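# Structure at a glance
Chain by chain, the residues:
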Amino acid sequence: KAGVTQTPRYLIKTRGQQVTLSCSPISGHRSVSWYQQTPGQGLQFLFEYFSETQRNKGNFPGRFSGRQFSNSRSEMNVSTLELGDSALYLCASSLGRGNSPLHFGNGTRLTVT
Amino acid sequence: QKEVEQNSGPLSVPEGAIASLNCTYSDRGSQSFFWYRQYSGKSPELIMSIYSNGDKEDGRFTAQLNKASQYVSLLIRDSQPSDSATYLCAAYTGGFKTIFGAGTRLFVKA
């Protein structure tokens, strides 16, 4: 069974630009969660989608947005990039039940210069 | 107050010893708990899930949950240098949101 696939693996952007990250979940998983990981803050929850609906959102500014498609693939977008947005962005898929563990992709390393 | 707290370490143990990793959580409504291992430069991978009070064993790993004390632990028996990584404790707090601790760095010395 293929794992969670995130593209691209690495991105370098300049301040003010926008970026779109993509995530394809494990086959059969309908929930996709996004996390930001930085050395200082650890793993911070961004949002969770299930069947194209956002069910929860973390404490991030509105510049961070996401969506999920009918095939469960998900994208997240960050607009007006800031230096502080440099981080590893991790996508995780699950069956979407409360006791379902998350399965992570390899992440997208975003560097904002 | 952080919702899931872990000692950041580093925790250093000799090869063959038992490594004990601890975690506390603040939300009494938390239902499910997970331990992940993250090697440097890699993404987290699931080691154990635990849902009810008591111990759960899987190979060299034992997870322990005490809901009354809001405490979760992970024991690694016969620690190997390949176990050197950051271990993340996570709790499903409801609302389709899993919260992670900051992680404990473990070093196993050969």
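Check the entry above for the structure.
Residues numbered from 1 in each chain as written. Chains lettered and ligands numbered in written order. Predicted model: local features only at pLDDT ≥ 70, side-chain atom pairs only at ≥ 80, totals over all residues. Heavy atoms only, no water.

### Some remarks on the pattern of salt bridges
What counts here: In the sections that follow, a salt bridge refers to a side-chain nitrogen of Lys or Arg positioned within 4 Å of a carboxyl oxygen of Asp or Glu. Only DSSP runs of H or I with at least four residues qualify as helices, and only runs of E with at least two residues qualify as strands; both kinds are numbered from the N terminus onward. Exposure categories follow from relative accessible area, calculated using a 1.4 Å probe and restricted to protein chains: below 20% of the type maximum is buried, above 50% is exposed, and the middle band is partly exposed.
Summed over the entire model, instances satisfying the criterion amount to 8 salt bridges over all chains. When the shortest N-O distance is used, the salt bridge between Asp85(A) and Arg63(A) registers 2.8 Å. Here the residue Asp85(A) occupies a position in the loop between strand S8 (74–78) and strand S9 (87–94), and Arg63(A) occupies one in the loop between strand S6 (53–57) and strand S7 (64–68), the gap between them amounting to 22 residues. Across this residue pair, the class does not change: Asp85(A) and Arg63(A) are buried. Note that Arg60(B) and Asp83(B) form a salt bridge whose closest N and O atoms lie 2.9 Å from each other. Of this pair, Arg60(B) sits in the loop between strand S6 (54–58) and strand S7 (61–66) while Asp83(B) sits in the loop between strand S8 (71–76) and strand S9 (85–92); the two residues are 23 residues apart in sequence, bridging distant segments of the chain. Judged by relative accessible area, which is 1%, Asp83(B) ranks as buried. Within this structure, Arg63(A), Glu82(A) and Asp85(A) form a network of salt bridges that share partners.

### Brief notes about unusual backbone geometry
With glycine set apart, most residues show a phi of negative sign, and most peptide bonds adopt trans. Residue and element names in this part refer to chain A. Cis peptide bonds are those with omega within 30 degrees of zero, and the linkage from Thr7 to Pro8 qualifies with -10°. Note that Pro8 resides in the loop between strand S1 (5–7) and strand S2 (10–13). Positive phi, close to 70°, is recorded for Glu52, a residue that is not glycine. For Glu52, a relative accessible area of 48% translates into the label partly exposed.

### A word on the pairing of S6(A)
Residues and elements named next belong to chain A. The cut-off we apply is this: DSSP bridges decide pairing: two strands pair if at least two such bridges lie between them.
As judged from the 4 bridges shared by strand S5 (residues 42–50) and S6, these two strands associate in the antiparallel manner. Directly across from Phe50, in S6, lies its bridge partner Thr53. As consecutive antiparallel partners, S5 and S6 are separated by 2 residues, and within that stretch Ser51 has a phi angle of approximately 50°, a positive value.

### Brief notes about the interface of chain B and chain A
This is how the line gets drawn: Contacts: residue pairs with any heavy atoms within 4.5 Å of one another. When two parts are put together, the accessible area they lose, computed with a 1.4 Å probe and summed over both, is reported as buried area. Any N or O atom pair separated by 3.5 Å or less is treated as a polar contact, with the protein-specific requirement of one donor-capable and one acceptor-capable atom, and with residues adjacent in sequence counted only for side-chain atom pairs. Each residue is assigned to one of three groups, with Ala, Val, Leu, Ile, Met, Phe, Trp, Tyr, Cys and Pro labelled nonpolar, Asp, Glu, Lys and Arg labelled charged, and all others, Gly among them, labelled polar.
Taken together, the contacts link 16 residues of chain B with 18 residues of chain A. Summing both sides of the interface, chain B and chain A together bury roughly 1,500 Å²; the carbon and sulfur share of this comes to 58%. Of all residues in chain B, Ser43(B), Phe96(B) and Phe100(B) give up the largest surface area on contact with chain A, accounting jointly for 34% of the area buried on that side. If you look at where chain B meets chain A, you find 0 salt bridges. Seen at the junction of chain B and chain A, the total is 6 residue pairs in polar contact (both at pLDDT 80 or more). For the side of chain B that touches chain A, the secondary-structure elements that each account for two or more residues are strand S4 (32–38), strand S5 (45–50), S9 and strand S10 (98–100) of chain B. A class-by-class count of the residues in the side of chain B that touches chain A yields 9 nonpolar, 6 polar and 1 charged.

Remember, this is a structural readout, not a statement about activity or role.
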